[in-house]
Structure formats: C-alpha cells, structure tokens
Amino acid sequence: MANVIGGINLAQIAQNSLDALLVEAFPLRAFTTDFSADIADVGESVSTRVASAVAVGDATTGYTAADVTSTAKTITLDNHKHFTMAFTDLEIAKGGMTLLERTFVRPAVHAVVNSMMDAVLAKVKNAPFTSNSVVAAADFDADDVADCAKDLTVLNVPRTGRSLIVPPTYYGNLAKDSAIQAAYAYGGSEAIRENKVPRVHGFDVYEYGDIPANGENLAAFACGQESLLIAARQPALPQNWYGSVESATDPDSGLTIQLRNWYDGTAGKQNIAATVMFGVGTGTLGLKRIKSAA
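Rules used in this analysis
Residues numbered from 1 in each chain as written. Predicted model: local features only at pLDDT ≥ 70, side-chain atom pairs only at ≥ 80, totals over all residues. Heavy atoms only, no water. Salt bridge = Lys/Arg side-chain N within 4 Å of Asp/Glu carboxyl O. Buried < 20%, exposed > 50% of the residue type's maximum accessible area, 1.4 Å probe, protein only. Helix = DSSP H or I, 4+ residues; strand = E, 2+ residues; numbered from the N terminus. Pairing = 2+ DSSP bridges. Axes fitted to C-alpha atoms, helices over the stretch in contact; angles between N-to-C directions. Contact = heavy atoms within 4.5 Å.

## Some thoughts on the pattern of salt bridges
Phase 1: Under the criterion given, the structure shown has four salt bridges.
Phase 2: The closest approach of N and O atoms between Asp151 and Lys150, which form a salt bridge, is 3.9 Å.

## Observations regarding the pairing of strand E8 (residues 218-223)
Phase 1: In terms of burial, E8 is a largely internal element, six of the six residues being buried.
Phase 2: Pairing analysis gives three bridges linking strand E6 (residues 163-166) to E8, with the strands arranged antiparallel. Residue pairing for E8: Leu164 is matched across the bridge by Ala222.
Phase 3: Sheet analysis places E8 next to strand E13 (residues 287-291), joined by five bridges and oriented antiparallel. Its bridge partner being in E13, Ala222 is matched across the sheet by Lys288.

## Focus on unusual backbone geometry
Phase 1: Look at the link from Ala127 to Pro128: it is a cis peptide, with omega at 15°.
Phase 2: Mapped onto the secondary structure, Pro128 falls in the loop between helix H2 (89-121) and strand E5 (132-134).
Phase 3: In this structure, Asn156 takes a positive phi of about 65° despite not being glycine.
Phase 4: Structurally, Asn156 is set in the loop between helix H3 (142-154) and E6.
Phase 5: The exposure class of Asn156 is exposed, given its relative accessible area of 58%.
Phase 6: With phi around 60°, Asn217 is a residue other than glycine that occupies positive phi space.

## A short note on the sheet that holds E8
Phase 1: Read across the sheet, five strands follow the order E5-E13-E8-E6-E7 without closing on themselves; strand pairing throughout is mixed. Each edge of the open sheet is held by one strand with a lone partner, namely E5 and strand E7 (204-207). When strand polarity is set aside, the average angle formed by the axes of neighbouring strands in this sheet is 20°.
Phase 2: Sheet strands touched by H3: E6, E8 and E13. Its angle to E13, the strand with the most contacts, is close to 145°.

In structure tokens form, the structure reads like this:
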C-alpha cells in the first residue's frame, strides 16, 4: 500500500524552484554555457570550440585565403551535487506546502547554483589569466571599469557579452559613483532608486558575494562570454523507482535542476532532493582579474 502525504506537489515545488533559479543563476549567464540536449543523457565530457584571433589582408591584390584555427575545449562532467531535505509526517501535517516553500526551495537552489559558481570561480587565477590590476574596494569606480573595457579590447574580447562580476563592497562603491548616479548621463535612475548599477562601459554588472580569493587576493573580474566554460546536465531519470521526478529549467541558460521526491516509510520522512551534474573549464584568455592587494 503506497503512502500519500498530503500537501506535497512536486510540480509546484519545481515551479517555485524555477522562480528562485531565475534569481540565483544570473551570474552563470555571464559565461559561455552548453546546457544543450546533445549532452543530456550520455558521455562523461563535452567539447566546445574557441576560435583564435584572425588578421585581415590587403584585397587590392586579390582575395587570398588565410588559415583559421579553433581550439577544442573539453569539459569533464565530474561534479555531481545535491541538496536533500527530509520532512517528518508531523512537519508535513503542520506546515504543508508553506513549510516546504519557506524551508527548502531557496536553500536548495542556492546550494546547487553556488556549488557551480564555486567550481568555475576557482578557475579565475593568474594561470592562465595574467591580466590584472590592484584596486581597493573604496577606490573602485567607473574609471576602473573603463580600464577593464580597454584591457579586454586589447585581449581581443568582443564588445558584446562582456560582464563584470564584483562583490558587494566593490558594487556598493560603484553604485555611489557620481558618474553612475547621474541619471541624465545614461537615461536611467536605477542606481539611486533600486541600487542597481546599469551597464557601465559595455559591461553587464553582476553583484556576487562569494568570489574566492584563490590565494591571489582575487576580489572581482571582468570577462567575455568565452573565458570561462560550463557544461551541465541533470542526472538520468531513475528507472523502476517508487518516487517522482520534476525539473526546473532556467529559460535563458538552459540550466536544469532535477528535483526528486520519495517517502521513506520506515523513517516516516518525506525526502526531496535537488541535484545537477556539471563540469567547468577555461576558454579564451579574455579575462581581467581585479585584486584587492598586490
């Protein structure tokens, strides 16, 4: 006889997870991402390609073809992360869906996405990204962002798709910059009204509070979409299993978090897990590190 625990709708939890995912996953959109269907089911790695810089020729003597090169970048899907919660029958009876939403959804999504960010940000080191500058949080302003734009142009990073990832201390000082607060300068008042820094010198600005120092005083960084690489898939659907499975997919990046729900009759607990498999790697050298100290 199957146990039925009232008030639990995994599809609804998945929708609430998606609402949280839309917020939590936004820094991941700054990087080249391959969450496509061709890696959804099989294979331990996925490969993408990064094009080398090209040089133009003089057409007055004709159209002579030049060699082009792309470098394969293989990402091994070697991370399988999860966040699992277990609720007793009494907790379900008392809190129902409200308890699950409040206690589980946002912590689960945050834990899973944060594990991916931890893995990819661990790649932001002097090797291979040698371009850097030292700027204290209290000194970081729009002029420093302009310097980042110049340096990324020197590194042949396309002007489209540039991102700036900064911690709250740097973001706060940027938001206070009079050049950014002056709404007339760019036709918006988000910095004053919403504490939201708009695009600055060609960068989408992301505030992220868990950037690791990586043993090199890393504080923030500016990058193009191809500098850091992520590939991910949800685990294969379990076969002959007594639980249920739903998925929450970020429509922009395609990142999917799988949710599993099962009841342990012996322990008298309803288990709900959020899980994802992923791998990270480095792409082009189009990234500039901002350090807090030399």
